[in-house]
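Structural features, examined
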Amino acid sequence: MTDTIQLSLARRGDRGVIVQVGDHCHHDEHAFELERRLLELGFVEGARVEMLHEGLFGRDPIAMKVDDMRVALRRHEAASLSLRLERVIAA
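Position numbers for residues count from 1 along each chain, tracking the sequence in the order it is written. For this predicted model, a pLDDT threshold of at least 70 governs which residues receive local features, and a threshold of 80 or more governs which side-chain atom pairs are given and counted, while totals over whole chains, interfaces and linings are taken from all residues. To get the side-chain values, take all heavy atoms of the structure and skip hydrogens and water.

Here we take up the pattern of salt bridges. Whenever Lys or Arg places a side-chain nitrogen within 4 Å of a carboxyl oxygen from Asp or Glu, that contact is recorded as a salt bridge. Applying the stated criterion to the full structure yields 8 salt bridges. Among the salt bridges present, the one from Glu40 reaches Arg36, with a minimum N-O distance of 2.4 Å. Within this pair, Glu40 and its partner Arg36 are both found in helix H1 (residues 29-40), separated by 4 residues, close to a single helical turn. Under the scheme applied here, a residue whose accessible area is under 20% of the maximum for its type counts as buried, over 50% as exposed, and between as partly exposed, the area being computed with a 1.4 Å probe on protein chains only. Arg36 sits in the partly exposed class, given a relative accessible area of 33%. Linked by salt bridges that have partners in common, Glu33, Arg36 and Glu40 make up one network. Secondary structure elements are taken from DSSP: a helix is a run of H or I of four residues or more, a strand is a run of E of two residues or more, and numbering for both begins at the N terminus.

What follows concerns unusual backbone geometry. Along the chain, Asp60 connects to Pro61 via a cis peptide bond; the corresponding omega equals 0 degrees. By the secondary structure assignment, Pro61 is in the loop between strand S3 (48-54) and strand S4 (62-66). A positive phi angle, close to 55 degrees, is found at Asp67, a residue other than glycine. When you line up the elements, Asp67 lands in the loop between S4 and strand S5 (69-73).

Turning our eyes to something else, we now look at the side chain of Glu54. Relative to the helices and strands, Glu54 is located in strand S3. At a separation of 3.2 Å, a polar atom in the side chain of Glu54 contacts the side chain of Arg59. Under the rule applied, a polar contact is a pair of N or O atoms within 3.5 Å (in protein, one hydrogen donor and one hydrogen acceptor; residues adjacent in sequence only if both atoms are side-chain atoms). A polar contact of 2.8 Å, which involves the side chain of Glu54, links it to the side chain of Arg75. Residues are treated as being in contact if the distance between any of their heavy atoms lies within 4.5 Å. Ignoring anything within four residues of it in the chain, the contact list for Glu54 reads Ala10, Arg11, Arg12, Arg59, Pro61, Ile62 and Arg75.

Right, here's the structure in full:
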């Protein structure tokens, strides 16, 4: 069983793979521009993501590792990304 969530709902330490960028609705100019910017930053389908840090107030912004980069986003921007969480099994 896999869990797919919006990246904005991820918590510190969560890891996963991006399965969708944006909602693919190009009628909204703002949504289209945000999707384009996220793709330019490396948030592409198949990229591995690890949540590193959450802001103190309102848990915003969030910092994450995307493949080999570190990127910070606001939670409302991260809501445009769908993430398939990886389950970490403790030994």
